[in-house]
Amino acid sequence: MITASVHPRQLEPRTWQQELAEAITTPEELAAALGLSRGALAGAHAAGRHFPLRVPRSFVARMRPGDPDDPLLRQVLPVAAELADEAEYVSDPVGERGALRAPGLLQKYRGRALLITTPACAVHCRYCFRREFPYAQQSADAPRWSEALAEIAADASLAEIILSGGDPLSLSNARLESLTRALAAIPHVRRIRVHTRQPVVLPSRVDDGLLHWLRTSTRPIVFVLHINHPNELDAELAAACAKLRATGVTLLNQSVLLAGVNDDVEVLSELSLRLFDAGVLPYYLHALDRVRGAAHFAVADERAQALTGELAARLPGYLVPRLVREVAGAPAKVALGAILEQAKSGRQCGQAET
Ligand code: SF4
């Protein structure tokens, strides 16, 4: 009997680094993978020059073939609308450049500070509020960690450090461990929070080394994932979440409310239910940050508020994310309802979500 020969390498599971190296970076590759017509790529090259296309194939595999309006595709495909000049949409919509304390160290809120650990992301989300962040000058990447760490060590009010980027899980496990060790050596740092989309778009990132890092951390670690649509949460991602939970890490999710992606009560409801099934609690639903190139994702504040009202009428409170907007200089994320009230009454807004 003749059997097909299989090269041994085909039997080996793909590492996340291999998957990352094979990410799709051109509109044509994306169109070919999904069977889209070239018409679906109008403006993709021009918009991609400002912020290049990048998406792992495992995320593309969750998109509906042949559907140019697929909600996952809309999050990653550059479109001509990004080139429109909208007055309120700016390079630094949440005033981060004014919040810098050291290279790559931002403090916006009391007791917490955020480290820009790397400029790299596995996926480029078209609505990203840091799409124009000056990473070259302002990352606390490895050679410059010491300056940021010294600043943290000198401020005993900083009880929580948020690893952000870019995506901190773009760093190797060894770098994550060494950074966490350095943070844990600072007595007043009690918690470490990791803001990441990488396990979502690349579930293979949850590898043995990452799990070892989480299991052996001497500080509690909170993962805030970034999932916007229930179609992102497939069996592979749910399995990755189960592995993360088994390490004792706390799993939360933040979404961005995006027109044409998740501005629908059925979609938001299904997302919360699937998150809970995967052991992840919905935390924030962010109103879009008004970054240049993202105006076509905006949902009117009144509609956003109505959507979360409908969500609250369907789901238990712990499955309803807090609808917030980040306001430059505010002491905490601001509840959108408070902003609307303020707009109605013209009064000073004092209500905030932390
Ligand atoms: S993964 Fe996060 S930081 Fe990276 S592009 Fe997407 S939203 Fe921005």
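The shown structure was predicted, so the numbers you read here are calculated from the model rather than taken from an experiment. (Residues numbered from 1 in each chain as written. Predicted model: local features only at pLDDT ≥ 70, side-chain atom pairs only at ≥ 80, totals over all residues. Heavy atoms only, no water.)

Caption draft 1: Geometry of the overall build of the protein chain. Scanning the protein chain for helices and strands turns up 15 helices and 10 strands. The dimensions of the protein chain, computed from C-alpha atoms along their principal axes, are 80 × 45 × 40 Å. Here the protein chain holds 354 residues, and the buried ones make up 53% of them. Long-range contacts, defined here as pairs at least 24 residues apart, represent 79% of the contacts in the protein chain between residues at least 6 apart. (Helix = DSSP H or I, 4+ residues; strand = E, 2+ residues; numbered from the N terminus. Buried < 20%, exposed > 50% of the residue type's maximum accessible area, 1.4 Å probe, protein only. Contact = heavy atoms within 4.5 Å.)

Caption draft 2: Molecular detail of the pairing of strand β3 (residues 112-116). In terms of residue burial, β3 counts as a mostly covered element, since four of its five residues are buried. Pairing analysis gives two bridges linking strand β2 (residues 105-106) to β3, with the strands arranged antiparallel. Across the sheet, residue Leu106 finds its bridge partner in β3, namely Leu114. Between the end of β2 and the start of β3, which pair antiparallel, lie five residues, with Gly111 showing a positive phi angle near 85 degrees. The pairing of β3 with strand β4 (residues 160-164) spans five bridges and is classified as parallel. By the bridge assignment for β4, Ala113 is matched with Ile161. (Pairing = 2+ DSSP bridges.)

Caption draft 3: Molecular detail of the side chain of Arg126. Among the secondary structure elements, Arg126 is positioned in the loop between β3 and α7 (135-138). Among the polar contacts listed, one links the side chain of Arg126 to the backbone oxygen of Pro52, at a separation of 3.4 Å. (Polar contact = N/O pair within 3.5 Å; in protein donor to acceptor, adjacent residues only side chain to side chain.)

Caption draft 4: Region of the structure containing the sheet that holds β2. The mixed open sheet is built from 10 strands, whose spatial order is β1-β2-β3-β4-β5-β6-β7-β8-β9-β10. With one partner strand each, in any of the chains shown, β1 (100-102) and β10 (334-335) form the two edges of the open sheet. For strand β7 (residues 250-256) and strand β8 (residues 281-286), the ladder comprises five bridges, and the chain directions are parallel. Across the sheet, the residue bridging to Val256 is His286, located in β8. Sitting on the sheet, helix α13 (residues 265-277) touches β7 and β8, and the angle it makes with β8 is about 145 degrees. (Axes fitted to C-alpha atoms, helices over the stretch in contact; angles between N-to-C directions.)

Caption draft 5: Just the site of the ligand, in detail. Taken together, Cys121, Val123, Cys125, Cys128, Gly166, Arg197 and His226 are the residues near the ligand. For the shell around the ligand, the residue count by class is four nonpolar, two polar and one charged. (Near = heavy atom within 4 Å. Nonpolar A, V, L, I, M, F, W, Y, C, P; charged D, E, K, R; others polar.)

Caption draft 6: Just unusual backbone geometry, in detail. Cis geometry marks the peptide bond from Gly165 to Gly166; its omega dihedral reads 25 degrees. Mapping Gly166 onto the fold places it in the loop between β4 and α9 (173-184).

Caption draft 7: A look at the pattern of salt bridges. Tallied over the entire structure, the rule returns 26 salt bridges. For Lys333, the salt bridge is made with Glu326, and the minimal N-O distance between the two is 3.8 Å. A relative accessible area of 13% means that Lys333 is categorised as buried. Put simply, Glu96, Lys108, Arg130, Glu326 and Lys333 are held in one network by salt bridges that share partners. (Salt bridge = Lys/Arg side-chain N within 4 Å of Asp/Glu carboxyl O.)

Caption draft 8: Structural context of α9. Helix length check: α9, at 12 residues, gives a terminal C-alpha distance of 16 Å against a target of 16 Å (1.5 Å per residue), a fit within 8%. Elements that come into contact with the buried residues of α9 comprise β3, α8 (145-153), β4, β5 (191-196) and α11 (208-216). (Expected span 1.5 Å × (residues − 1).)

In short, geometric facts, not functional conclusions.
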